[in-house]
Amino acid sequence: MTGIVYKSTGSWYSVKTNDGEFYNCRIKGKFRIQGIKSTNPVAVGDVVEIDLDSIGGETIGVIKGIHERKNYIIRKSVNLSKRTHIIGANIDNAFLLVTLNNPTTFTDFIDRFLVTSEAYHITPILLFNKIDSYDEAALEDLRFLVHVYRDIGYKCVEVSATNGTNIDEVKQLMEGKTSIFTGHSGVGKSTLVNAIESGLDLKTAEISEQHKQGQHTTTFAEMFDLSFNARIIDTPGIKGFGIVDMEKHEIGNYFPEFFALKNDCKFNNCLHIDEPKCAVKDALEAGKIAWSRYKSYIQIIDGEEENYRTDIYGDS
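Residues numbered from 1 in each chain as written. Predicted model: local features only at pLDDT ≥ 70, side-chain atom pairs only at ≥ 80, totals over all residues. Heavy atoms only, no water.

- Per an unreviewed UniProt entry, the chain is named Small ribosomal subunit biogenesis GTPase RsgA, and its organism is Joostella atrarenae.
- In UniProt, the chain has this text filed under Subcellular location (unreviewed entry): "Cytoplasm". (UniProt positions renumbered as here; feature names shortened; annotations may be inferred.)

Set out below in structure tokens:
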């Protein structure tokens, strides 16, 4: 019997079969997904094969196989830094919620999200949330940030989960697709999802005034069917997207504005750092590439961590 994983708690999986029934399932034996060093072999969004068994009068499913994934998106494992955790699989759109403050979403986090999405062939969309709460100075900063990413070619939508600004535009982008919503704890994911589909009634929590830290409301990733022919994967607040198994010379390919200039560099294997006649550095000096993007690129090249502080962002 074929089904789709809608929820994972680490040991149990909720699977919806083709006939619309949900079953609690466990994994049979150990799964090894070739080429992926992951802490979770089965992820939300996976298409799986299951067998049903009756235990104590309850029908339990056993996952015996996973179909090939169209794509997936990962984050770093919390406890095992050299391993990754698959957030979701078979995704059409990846929405990143961005807030300028309360909490702050730094540009290097945005850029790692975009690199990860590009690398795993998922369409990224940036949602700039809480626009109703910004003063004029903050709105100027937001407009500049939106300009940077729109100029590269990324879809950016300014939204307010509390007053409904541009919610219909987000729903149009989601229709007929499986979308994942992610971002730091406290950026308003659950509030936004509730605005998109009020019947879900996802838990929300206020930002801690003491630490400006999101109170975690989502423990495990979970997928929901929506009323307008769409699916959504709600995820825990996360700190780091996984930039793994990526050679240094490949990283620039996932910065579209760098990739567009690649053939104009003197050297085919140019890393855009200290090589002569580098088209990317020339464009940077000319103001055609944002310094924040170049800084993010260098951090990834050097293997540095994102710019985050545990007193700002959540622990998941």
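### So, the overall build of the chain
Next up, step 1: Counting its regular elements, the chain contains 8 helices and 15 strands.
Next up, step 2: A burial count over the chain gives 50% of its 316 residues as buried.
Next up, step 3: Taking the intrachain contacts of the chain between residues at least 6 apart in sequence as the baseline, contacts between residues at least 24 apart amount to 65%.
Next up, step 4: Accessible area for the chain stands at about 15,500 Å²; split by element, carbon and sulfur atoms hold 45% of it. (Helix = DSSP H or I, 4+ residues; strand = E, 2+ residues; numbered from the N terminus. Buried < 20%, exposed > 50% of the residue type's maximum accessible area, 1.4 Å probe, protein only. Contact = heavy atoms within 4.5 Å. Areas by Shrake-Rupley, 256 points an atom, 1.4 Å probe, with all protein chains shown as cover.)

### Observations regarding unusual backbone geometry
Next up, step 1: Pro103 follows Asn102 through a cis peptide bond whose omega is 0°.
Next up, step 2: Looking at the element boundaries, Pro103 is found in the loop between β8 (93-98) and α1 (107-119).
Next up, step 3: A positive phi angle is found at His121, which is not glycine, with a value near 60°.
Next up, step 4: For His121, the location among the structural elements is in the loop between α1 and β9 (123-128).
Next up, step 5: Using a relative accessible area of 65% as the deciding quantity, one classes His121 as exposed.
Next up, step 6: Positioned with a positive phi, Asn166 is a non-glycine residue whose angle comes to about 60°.
Next up, step 7: Structurally, Asn166 is set in the loop between β10 (155-158) and α3 (167-174).

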